[in-house]
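Architecture at a glance
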Amino acid sequence: MKGPTRALTRARRWARAVKTDIVALHLAARDPRVPLSAKLVAGLVAAYALSPVDLIPDFIPVLGYLDDLLLVPLGILLAVRLIPPPVMNDLRRKAAALQERPASRMAAMAIVTLWIVAVLALGWTFWPRARF
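Residues numbered from 1 in each chain as written. Predicted model: local features only at pLDDT ≥ 70, side-chain atom pairs only at ≥ 80, totals over all residues. Heavy atoms only, no water.

Re the overall build of the protein chain
- Across its full length, the protein chain holds 5 helices and 0 strands.
- Beginning at the N terminus, the succession of helices and strands in the protein chain can be written as α-α-α-α-α.
- The C-alpha extent of the protein chain, read off along each of the three principal axes, is 75 × 45 × 30 Å.
- Counting only contacts in the protein chain whose residues sit at least 6 apart along the sequence, the fraction spanning at least 24 positions is 64%.
- Just so you have it, the protein chain exposes about 10400 Å², and 72% of that area is on carbon and sulfur atoms.
- If you average the places of the 18 positive and of the 8 negative side-chain charges in the protein chain, the two averages end up 7 Å apart. (Helix = DSSP H or I, 4+ residues; strand = E, 2+ residues; numbered from the N terminus. Contact = heavy atoms within 4.5 Å. Areas by Shrake-Rupley, 256 points an atom, 1.4 Å probe, with all protein chains shown as cover. Lys, Arg positive; Asp, Glu negative; His and termini not counted. Charge placed at Lys NZ, Arg CZ, Asp CG, Glu CD.)

Topic: a nonpolar patch on the surface
- On the surface, a nonpolar cluster with roughly 910 Å² of combined accessible area is contributed by Phe-59, Ile-60, Leu-63, Tyr-65, Leu-66, Leu-69, Leu-70, Leu-74 and Leu-77.
- Checked against the element boundaries, Leu-69 lands in helix H3 (residues 63-82). (Patch = residues over 30% accessible without salt bridge, like charges linked within 9 Å, V, L, I, M, F, W, Y side chains within 5 Å. Salt bridge = Lys/Arg side-chain N within 4 Å of Asp/Glu carboxyl O.)

Quick notes on the side chain of Asp-31
- Locating Asp-31 in the fold gives a position in the loop between helix H1 (2-28) and helix H2 (36-50).
- On the basis of relative accessibility, which here comes to 7%, the residue Asp-31 falls in the buried class.
- Within polar-contact distance, the side chain of Asp-31 engages the backbone nitrogen of Arg-33 at 2.8 Å.
- If near-sequence neighbours (up to four positions away) are discounted, Asp-31 is found in contact with Lys-39 and Leu-91. (Buried < 20%, exposed > 50% of the residue type's maximum accessible area, 1.4 Å probe, protein only. Polar contact = N/O pair within 3.5 Å; in protein donor to acceptor, adjacent residues only side chain to side chain.)

A word on a positive patch on the surface
- A cluster of basic side chains, namely Arg-6, Arg-10, Arg-12, Arg-13 and Arg-16, defines a positive patch on the protein surface.
- Position of Arg-16 among the secondary structure elements: in helix H1.
- With relative accessibility at 54%, the residue Arg-16 sits in the exposed group.

A short note on the nonpolar core
- By size, the foremost hydrophobic cluster in this structure holds 20 residues, and its most contacted members are Leu-25, Ala-28, Val-34, Ile-76, Ile-83, Met-88 and Leu-91.
- Among the secondary structure elements, those contributing two or more residues to this core are H1, H2, H3 and helix H4 (85-100).
- Among all residues touching Val-34, those that are not within four sequence positions of it are Ala-28, Lys-39, Ile-83, Val-87 and Leu-91. (Core = buried A, V, L, I, M, F, W, Y, C linked by side-chain atoms within 4.5 Å.)

Looking at the pattern of salt bridges
- Summed over the entire model, instances satisfying the criterion amount to 5 salt bridges.
- For Arg-92, the salt bridge goes to Asp-21, with nearest N and O atoms at 2.7 Å. With a gap of 71 residues between them, Arg-92 in helix H4 and Asp-21 in helix H1 connect regions that are remote in the sequence.
- When its relative accessible area of 11% is taken as the criterion, Asp-21 is described as buried.
- Via salt bridges that share partners, Asp-31, Arg-33, Asp-90, Arg-93 and Lys-94 belong to a single interconnected network.

Structure below.
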């Protein structure tokens, strides 16, 4: 049981690092210390990773997740190599600090309330009215 647990721990650590790097690349695209070519690559990689639209749709078996497993990590690797190491380390620290901020419960409640109101409005609009 030790092998699968260790592999799962490593996978979680890797996923957390990828998430932090994506946020760091988003920050890098706006940082004046980052060269223009690195800004372009960082911006494209962050936009693609954060976008709900994929190059290959996820519903296509095997190939759907291939872009998430290959293109995003390779894009991150390229962008990180183009950014000066001290700047990237600073951006990773900022990204980690942004991720540690607590989520706003008020914002979550507002979004849930909006969804409930929208569902009720749709139900009221489209529910067949009984005729007496």
